[in-house]
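# Fold and contact review
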Amino acid sequence: MDVKERLADYAEMTAEALEKYLPQTDCLQKRVIEAARYSLSAGGKRLRPALVMEFCRVCGEEPETALPVACAIEMLHTFSLIHDDLPCMDDDDLRRGKPSCHKAFGEDIAVLAGDALAMLPYQIIAEAGLRRALPKDAALKLISLLGELSGVRGMIGGQTLDLQNEGRKPDVPIILEMYRMKTGALLEFSCRAGCIVAGAGADKQLVAGSFGQRLGLAFQIIDDILDITADEKLLGKPVGSDLEEGKYTYVAAVGLEKARERAAVLTAQAREALAEFPDNEFLLELTEMLLNRVY
């Protein structure tokens, strides 16, 4: 089994399904739909949809069953990227090697495109429940969980901590809590969501969530490292941007060597959690690949 090949398959499935869920542009408000499509089609690893579908698969359901949720989390993640890049947030001109949404469409339309991609996921999951593509109780649980892990206790809370600590030197526990919310929360949702779609029990959901949290922390620490060490062309944005923006990262707090060690420990813990799931070779290899990535 080739991890990159399966990841590419999941990415292709997600891209095709996203097109079906996005509204058509034969309307007066087509500009905001075009901006949303622009950011959704910018590429990226499609990691979160892949985790949704793979956890669904290892829990005994066909990956396609989880496509509505996979598309929902990719939309919500893309909303966060559009808003992160805004001048009032990180003020980034590039995203994945292309002009950021606000550079391509203007700040006003970018805000609205992000808003649209924040709302549409809940509609997608609810409609999947209404038409019985998902059990209704599963759809309700997914909507509740997505609201929790994307809100003030999750992604938005993490972004708030990020903004509050710009130019400061927060303690390491604060940095890791920020990472847990800003990056780990949506990865936790993705893993738990696949289990929920497949009807797995609470024990499997909790273990999957623990895996996602550790993967998220390792992922963000590696991002910090790459912000210093990566090839700018591969990274798709300027290297050293965190430092320029006054962000005090885990790498800044403990140094490159200790950051690499912590990422490796978190990755090992994530891999250990996968012992609870059968046929986990793809997830094991994906976890290791994310630790050793160069962009």
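Scroll up for the structure.
So, here is what we can say about the structure in this document. (Residues numbered from 1 in each chain as written. Predicted model: local features only at pLDDT ≥ 70, side-chain atom pairs only at ≥ 80, totals over all residues. Heavy atoms only, no water.)

### A look at the pattern of salt bridges
As a reminder of what qualifies: Whenever a carboxyl oxygen of Asp or Glu lies within 4 Å of a side-chain nitrogen of Lys or Arg, that contact is scored as a salt bridge.
Under the definition given, this model contains 12 salt bridges. Salt bridges linked by common partners bring Arg 6, Glu 54, Arg 57 and Asp 279 together as one network.

### Let's talk about the packing of aromatic side chains
Defined as follows: Working definition: rings of Phe, Tyr and Trp (its six-membered ring) pair if their centres are within 6.5 Å, and the pair is stacked with planes under 30 degrees apart, edge-to-face with planes over 60 apart, and tilted otherwise. Only DSSP runs of H or I with at least four residues qualify as helices, and only runs of E with at least two residues qualify as strands; both kinds are numbered from the N terminus onward. Relative accessibility decides the category of a residue: with a 1.4 Å probe and only protein chains considered, values under 20% of the type maximum give buried, values over 50% give exposed, and everything between is partly exposed.
Taken as a whole and assessed by the stated rule, the structure comprises four aromatic pairs. Their ring planes at 70° and their centres at 5.3 Å tell us that Tyr 38 and Phe 105 sit as a pair that is edge-to-face. Of this pair, Tyr 38 sits in helix 2 (residues 30–40) while Phe 105 sits in helix 5 (residues 101–105), and the two are 67 residues apart along the sequence. In this pair, the class of Tyr 38 matches that of Phe 105, namely buried. Considering the side-chain rings of Phe 55 and Phe 277, the 5.2 Å spacing of their centres and the 85° angle between planes classify their relative orientation as edge-to-face. With Phe 55 in helix 3 (residues 47–58) and Phe 277 in the loop between helix 14 (256–273) and helix 15 (281–291), this residue pair connects regions lying 222 residues apart in the sequence. The pair Phe 55 / Phe 277 is uniform in exposure class, with both members buried. Each member of the aromatic cluster is reached from another via a ring pair, and the members are Phe 55, Phe 211 and Phe 277.

### A closer look at a negative patch on the surface
In plain terms, the rule: Nonpolar side chains (Val, Leu, Ile, Met, Phe, Trp, Tyr) within 5 Å and like charges within 9 Å form the patches, drawn only from residues with over 30% relative accessible area and no salt bridge. For the area figures, the Shrake-Rupley method with a 1.4 Å probe applies, and any residue is considered shielded solely by the protein chains shown. His is not counted, nor are the chain ends; Lys and Arg add positive charge and Asp and Glu add negative charge. Each charge is placed at NZ for Lys, CZ for Arg, CG for Asp and CD for Glu.
Together, Asp 2, Glu 5, Asp 9, Glu 12, Glu 16, Glu 281 and Glu 285 make up a negatively charged patch on the protein surface. Among the secondary structure elements, those contributing two or more residues to the negative patch are helix 1 (3–21) and helix 15. For the negative patch, the leading source of residues is helix 1, giving four residues. For Asp 2, the location among the structural elements is in the segment before helix 1.

### Quick notes on empty space enclosed by the protein
Over the atoms, a rolled probe matching the size of one water molecule traces out where space is still vacant. Selection rule: Cavity means a closed set of points on a 1 Å grid over the protein atoms alone, one where a 1.4 Å probe fits but cannot get out, pocket means an open set with protein on both sides within 12 Å along at least 5 of 7 lines, and lining means a residue has an atom within 4 Å of a point. Grid points are joined across faces, edges and corners, and a volume is the space filled by probe spheres set on the points. Here the nonpolar group is Ala, Val, Leu, Ile, Met, Phe, Trp, Tyr, Cys and Pro; Asp, Glu, Lys and Arg are the charged ones; every other residue, Gly included, is treated as polar.
One pass over the full model with this rule turns up one cavity of 30 Å³ or more. Lining the largest cavity are Tyr 38, Ser 39, Ala 42, Thr 78, Leu 81, Ile 82, Asp 85, Arg 95, Arg 96, Pro 99, Ser 100 and Cys 101. The element contributing the most residues to the lining of the largest cavity is helix 4 (residues 67–84), with three residues. Here the lining of the largest cavity is composed, by residue class, of six nonpolar, three polar and three charged.

### Points about unusual backbone geometry
Its identity as a non-glycine residue notwithstanding, Arg 96 has a phi of 55°, on the positive side. Overall, the relative accessible area of 26% leaves Arg 96 in the partly exposed class. With a phi close to 65°, Arg 132 is a non-glycine residue in the positive phi region. Take Arg 132: it is sitting in the loop between helix 6 (107–130) and helix 7 (136–150).

### Regarding helix 1
Selection criterion: Here the expected span of a helix is defined as 1.5 Å times the quantity of residues minus one. By arc we mean the arc of the directions from the helix axis to the C-beta atoms, nothing more. The criterion used for residue contact is that any of the two residues' heavy atoms lie within 4.5 Å.
The end-to-end C-alpha distance of helix 1, which contains 19 residues, comes to 27 Å, matching closely the 27 Å that a straight helix rising 1.5 Å per residue would cover. Of all the residues in helix 1, the buried ones are Val 3, Leu 7, Tyr 10, Ala 11, Thr 14, Ala 17 and Leu 18. Seen end-on, helix 1 carries its buried residues on one side only, within an arc spanning 135°. Exposed residues on helix 1 whose side chains face more than 90 degrees from its buried face are Glu 5 and Lys 20. On its buried face, helix 1 sits against helix 2, helix 3, helix 4 and helix 15.

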